[in-house]
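Fold and contact review
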Amino acid sequence: MQPVAELQQDAAEDLKLVADVLRKDRKATAEFVLRYTDWVYGYVRRRVMPRTDVADDLTQEVFVASWQSLKNYRGNASLRNWLLGIARHKVDDYYRKRLRTFDWPDAEDESVAEPCAIPAYEEQIDRASLQKKTKRVLAGLPEAYGLVLLWRYQEGRSAREMAELTGKTEKAIERMLARARERFKRRWNHAGA
Amino acid sequence: MPEHDWDEELFRAVCDSAETASEERAPSRVKARVYSAIIREQQESGPLQSLSETRASGHGLCVFESLVQIAPVGEKAKSPFFCWTCHARLLAENVEDAPIFWINCPYVTFQNR
């Protein structure tokens, strides 16, 4: 944990940097980009995985949006956390827009409810290989399935929230999640270690 | 444990494991594009801080900015985004770790070297 004096110094530095950027000091703006792009990019990239190709554009959108509301920054949160808050909204927007474009499962199609064998997860897998395998399995899923899984389980959105944000019914979301889980498990079992 | 709960726990664990992936550095071309995009936005609401003011606030200028800064022109003429016409910007936005080495050039500082 950072000592209080260090936190206060960070906060003062954040406020000075913001003031300089708001004065449109180009060098301070470069410092702002240099200091925080790694954080924002890393955050965005992990959340749009496996579609990491969209991380570049989303990162840029986060910073443009940050400039547009920078005058409202009061230093209540660290500048990094404030930027990550904007990034979270941008990632939500991305999920919402992408999921709206997909065809959703027919409400009468019961195939998603088919029971599937529970894979043997008791096996001891170290964290690194688990991450690697997760990425590989997610990357092999149809995009819509990967998105709903990440939105639900990585972002912690409820089915109801996802329904509201995409304009779908909660039932449709749950069915999509069921399909995605089913497909994920199947691929996981065939993916090896 | 009922199957449904087991599923929820499984996927939470799996997706959390993806989230804690190691910290990644942004590509230098992303930083370059982000910087240019913010400057463009800044210009839309009026001129940038002039180069004289930038230098007065303690920042170094690149060789091209220095030339503009000492030119016998008004302060207003010293506020445009001169990097827009510079090859360093173009290279930095399109090539990872572009071969640019100007002192005090922001696009050089973005390089992950």
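Predicted model only: the values in this text are computed from it and were never measured.

A word on the overall build of chain A
When helices and strands are tallied, chain A shows eight helices and zero strands. Put simply, chain A has 193 residues, and 35% of those count as buried. Residue pairs in contact within chain A that sit at least 24 positions apart in sequence constitute 72% of those at least 6 positions apart.

Points about helix H4 (residues 79–100) of chain A
Within an α-helix, residues lying three or four positions from one another point in the same direction, as the helix has 3.6 residues per turn. Helix length check: H4(A) (22 residues) gives 32 Å between terminal C-alpha atoms against 32 Å at 1.5 Å per residue, within 8%. Residues Leu79(A), Trp82(A), Leu83(A), Ala87(A), Lys90(A), Val91(A), Tyr94(A), Tyr95(A) and Leu99(A) constitute the buried set of H4(A).

Considering unusual backbone geometry
Residue and element names in this part refer to chain B. Phi is positive for Asp-97, close to 50°, though the residue is something other than glycine. In this structure, Asp-97 sits in the loop between helix H5 (87–94) and helix H6 (106–109). Although it is not a glycine, Asn-104 adopts a positive phi angle of roughly 65°. By secondary structure assignment, the location of Asn-104 is in the loop between H5 and H6. Accessibility expressed as a C-beta count within 10 Å gives 16 for Asn-104, which makes it partly exposed.

Comments concerning helix H2 (residues 28–44) of chain B
Taking 1.5 Å of rise per residue, 17 residues should cover 24 Å, and H2(B) covers 25 Å from first to last C-alpha, within 8% of that figure. Three or more residues of H2(B) are buried, namely Ser28(B), Arg29(B), Val30(B), Lys31(B), Ala32(B), Arg33(B), Val34(B), Tyr35(B), Ser36(B), Ile38(B), Ile39(B) and Gln42(B). Buried positions along H2(B) lie against helix H2 (26–48) and helix H3 (55–69) of chain A together with H5 and H6 of chain B. Positioned one or two residues after H2(B), Gly46(B) has a phi angle of 125°, which is positive.

Comments concerning the nonpolar core
In this structure, Val40(A), Val44(A), Val148(A) and Tyr35(B) are the most contacted members of the largest nonpolar core, which totals 58 residues. The element contributing the most residues to this core is H2(A), with 10 residues. Both of domain 1 (4–93) and domain 2 (110–191) of chain A provide at least three residues apiece to this core. Excluding anything up to four places from it in sequence, Val148(A) contacts Leu99(A), Met176(A), Leu177(A) and Ala180(A).

Side note on the packing of H2(B) against H5(B)
All names here are of chain B. Axis separation between H2 and H5 bottoms out at 6 Å; the angle between their running directions is 125°. The orientation of H2 with respect to H5, classified from their angle, is oblique. Here H2 contributes Ser-28, Arg-29, Ala-32, Arg-33 and Ser-36 to the contact with H5, which in turn contributes Arg-89, Ala-92, Glu-93 and Asn-94. For the contact of H2 with H5, a count of residues per class yields two nonpolar, three polar and four charged.

A short note on the confidence of the model for chain A
Confidence in the prediction for chain A averages 83 pLDDT; 83% of positions are at 70 or higher. Within chain A, helix H5 (residues 127–140) of chain A has the poorest average pLDDT of any element, 77, and H3(A) the best, 96.

Conventions adopted
Residue numbering note: each chain is counted from 1, following its sequence as written. Here the convention is simple: chains get letters from A, ligands get numbers from 1, in the order in which they are written. Per-residue local features of the predicted model are confined to residues with pLDDT of at least 70, and side-chain atom pairs are confined, for both listing and counting, to 80 or more; whole-chain, interface and lining totals are unaffected and use all residues. By the criteria applied, helices consist of DSSP H or I runs no shorter than four residues and strands consist of E runs no shorter than two, each listed in order from the N terminus. The burial criterion counts other C-beta atoms lying within 10 Å of a residue's C-beta, which is placed from the backbone; the residue is buried at 20 or more, exposed at 12 or fewer, and partly exposed between these limits. We call two residues in contact if the C-beta atoms placed from their backbones are at most 7 Å apart. Helix span is expected to be 1.5 Å times the residue number reduced by one. To form a nonpolar core, buried Ala, Val, Leu, Ile, Met, Phe, Trp, Tyr and Cys residues must be joined through C-beta atoms within 7 Å. Segment limits for the domains were obtained from an automatic or database-derived domain assignment. All axes here are fitted lines through C-alpha atoms, helices being fitted over the stretch that makes contact, and every angle between N-to-C directions spans 0 to 180 degrees. In these notes the angle categories are as follows: under 35 degrees is roughly parallel, over 145 is roughly antiparallel, 65 to 115 is roughly perpendicular, and the rest is oblique. Ten residues, namely Ala, Val, Leu, Ile, Met, Phe, Trp, Tyr, Cys and Pro, are considered nonpolar, four, namely Asp, Glu, Lys and Arg, are considered charged, and the remaining ones, Gly among them, are considered polar. Scored from 0 to 100, pLDDT records how confident the predictor is in each individual residue.

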